[in-house]
Amino acid sequence: MINGFTPNYDLEARIQHTKLDSWGSIPSARMDRIEEPSTADFKSVMSGLVENMNTTMNAPDNMLKDVMMGSENVDIHDVMVAMSKAEISVNIATTAVGKVIQAYDKIMQIQI
């Protein structure tokens with residue numbers, strides 16, 4: 001149990017018993033099926049990250065427009081925080097793209 005997370009696998013129910021099991025109560029180590037990942041596919045994860053990046057990049061501009069129009073809901077400090085978040089997001093995205101390109105280059109260098 002890590003940070004309150006307890007996996008819900010029923011491993012004993014999934015063990016396939018055979019004639020070779022002669023240990024009595026000790027089941028065989030053969031599994032009946034393979035777990036399917038519960039996460040989304042790579043394409044949907046990446047498209048979600050791109051959409052979040054786009055929203056983060058547009059937030060300072062929208063907030064700055066609101067400040068210039070005289071809106072009382074937005075403070076100039078909020079605009080500065082949004083600009084910092086956008087800058088950090090760009091840095092993270094640039095680093096991630098660089099790492100993906102490096103990984104691709106290493107994969108392409110593997111000789112078969």
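In what follows, the structure referred to is the one given above.
Being a predicted model, the structure only gives us computed values, none of them experimental. (Residues numbered from 1 in each chain as written. Predicted model: local features only at pLDDT ≥ 70, side-chain atom pairs only at ≥ 80, totals over all residues. Heavy atoms only, no water.)

A cluster of nonpolar side chains, contributed by L64, M68, I76, M80 and M83, occupies part of the molecular surface with about 500 Å² of accessible area. Breaking the nonpolar patch down by element, the ones donating at least two residues are α2 (42–68) and α3 (76–109). Residue contributions to the nonpolar patch peak at three residues, all from α3. L64 gets classed as partly exposed once you look at its relative accessible area, which sits at 34%. (Patch = residues over 30% accessible without salt bridge, like charges linked within 9 Å, V, L, I, M, F, W, Y side chains within 5 Å. Areas by Shrake-Rupley, 256 points an atom, 1.4 Å probe, with all protein chains shown as cover. Salt bridge = Lys/Arg side-chain N within 4 Å of Asp/Glu carboxyl O. Helix = DSSP H or I, 4+ residues; strand = E, 2+ residues; numbered from the N terminus. Buried < 20%, exposed > 50% of the residue type's maximum accessible area, 1.4 Å probe, protein only.)

Viewed as axis vectors pointing N to C, α2 and α3 meet at an angle of 160°, and their least axial separation amounts to 9 Å. Comparing their axes, α3 and α2 come out roughly antiparallel. Relative to α3, α2 is oriented so that their crossing is left-handed. Between α2, through M53, T56, M57, P60, M63, L64 and V67, and α3, the contact on the second element is made entirely by I76, D78, V79, A82, M83, K85, A86, S89, V90 and A93. Split into classes, the residues belonging to the contact of α2 with α3 amount to 13 nonpolar, two polar and two charged. (Axes fitted to C-alpha atoms, helices over the stretch in contact; angles between N-to-C directions. Parallel < 35°, antiparallel > 145°, perpendicular 65-115°, else oblique. Left-handed = near helix turned anticlockwise from the far one by under 90°. Contact = heavy atoms within 4.5 Å. Nonpolar A, V, L, I, M, F, W, Y, C, P; charged D, E, K, R; others polar.)

Any functional reading would require information that these geometric values do not contain.
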